[in-house]
Amino acid sequence: PILPLLVKDGLLLPTIASTVFFCIMYGNLDQMVSTSSSPLNERMSSPLPVEPNSFWIQLLGFSQVVSLCGACLLTLLHEVYPPPARYPYLWPTLICAYSSLHFLLFLLAFHVIQFSSGVTVSYSKKKL
């Protein structure tokens, strides 16, 4: 896991700062985009009704928030509470398990979104 290495190298604070910066930028992305051809502005200022986000897109947004909260909780636990003497590698093990579950769930979510999007690709056979 990367967290113990970040602590060892003294890079935990810069990592937290860049994560907070990313969250602020991502949260204000719609205000920073000023071109009218942007899909974000088109969605906000279109006189025509725009379809709401699908269930999968809403679920993905919620899971991003839950994912970030879980990472913050594990970071706090790793830094504030020492592991019990009986389980000295408790926090790295939980971080590995969380990361693996995180990866597999997002892999599944993105595959479901990709394969249920309704976009089809047709290939034409050319004779050489």
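Refer to the structure printed above.
Bear in mind that the values here come from a model prediction, so they are computed numbers and not experimental data. (Residues numbered from 1 in each chain as written. Predicted model: local features only at pLDDT ≥ 70, side-chain atom pairs only at ≥ 80, totals over all residues. Heavy atoms only, no water.)

A.B. asks: Help me understand helix α6 (residues 90-115) in this model?
C.D. replies: End to end, α6 covers 37 Å across 26 residues, agreeing with the expected 38 Å (1.5 Å per residue, within 8%). Residues W91, P92, I95, F106 and A109 constitute the buried set of α6. In the core, the buried residues of α6 are packed alongside α1 (2-9) and α5 (55-80). (Helix = DSSP H or I, 4+ residues; strand = E, 2+ residues; numbered from the N terminus. Expected span 1.5 Å × (residues − 1). Buried < 20%, exposed > 50% of the residue type's maximum accessible area, 1.4 Å probe, protein only. Contact = heavy atoms within 4.5 Å.)

A.B. asks: Got a minute to help me understand a nonpolar patch on the surface in this structure?
C.D. replies: Among the surface-exposed residues, F21, F22, M25, Y26, L29 and M32 lie close enough to one another that they form a single nonpolar patch of about 620 Å² accessible area. Those elements that provide at least two residues to the nonpolar patch are α2 (12-27) and α3 (29-32). For Y26, a relative accessible area of 51% puts it in the exposed group. (Patch = residues over 30% accessible without salt bridge, like charges linked within 9 Å, V, L, I, M, F, W, Y side chains within 5 Å. Areas by Shrake-Rupley, 256 points an atom, 1.4 Å probe, with all protein chains shown as cover. Salt bridge = Lys/Arg side-chain N within 4 Å of Asp/Glu carboxyl O.)

A.B. asks: So what exactly am I meant to see when it comes to the packing of α5 against α6 here?
C.D. replies: The description of two helices packed together rests on the angle between their axes and the distance between the axes. Viewed as axis vectors pointing N to C, α5 and α6 meet at an angle of 170 degrees, and their least axial separation amounts to 11 Å. With respect to α6, the element α5 is oriented roughly antiparallel. Each residue belonging to the contact of α5 with α6 can be placed in one class, and the counts come to 16 nonpolar, six polar and no charged. (Axes fitted to C-alpha atoms, helices over the stretch in contact; angles between N-to-C directions. Parallel < 35°, antiparallel > 145°, perpendicular 65-115°, else oblique. Nonpolar A, V, L, I, M, F, W, Y, C, P; charged D, E, K, R; others polar.)

A.B. asks: Is there a simple way to explain the packing of aromatic side chains in this structure?
C.D. replies: Each aromatic ring pair is described using two quantities: the centre-to-centre distance and the angle formed by the ring planes. Under the counting rule described, the total for this entry stands at two aromatic pairs. Aromatic pair F22 and Y26: ring centres 5.9 Å apart, planes at 20 degrees, arrangement stacked. One end of the pair, F22, and the other, Y26, are both in helix α2, four residues apart, so they sit about a helical turn from each other. Aromatic side chains F106 and F110 sit 6.2 Å apart centroid to centroid with 35 degrees between the ring planes, which places their arrangement in the tilted category. Taken together, the residues span about one helical turn, with F106 and F110 both in helix α6 at a distance of four residues. (Phe/Tyr/Trp six-rings, centres within 6.5 Å; stacked < 30°, edge-to-face > 60°.)

A.B. asks: What is the right way to look at the packing of α1 against α5 in this model?
C.D. replies: At a minimum axis separation of 11 Å, α1 and α5 run at an interaxial angle of 50 degrees. Classified by the angle between their axes, α1 and α5 sit oblique to one another. Relative to α5, the crossing made by α1 is right-handed. From α1, L3, P4 and V7 reach across to α5, where they touch L74, T75, H78 and E79. Among the residues forming the contact of α1 with α5, the class breakdown is four nonpolar, two polar and one charged. (Left-handed = near helix turned anticlockwise from the far one by under 90°.)

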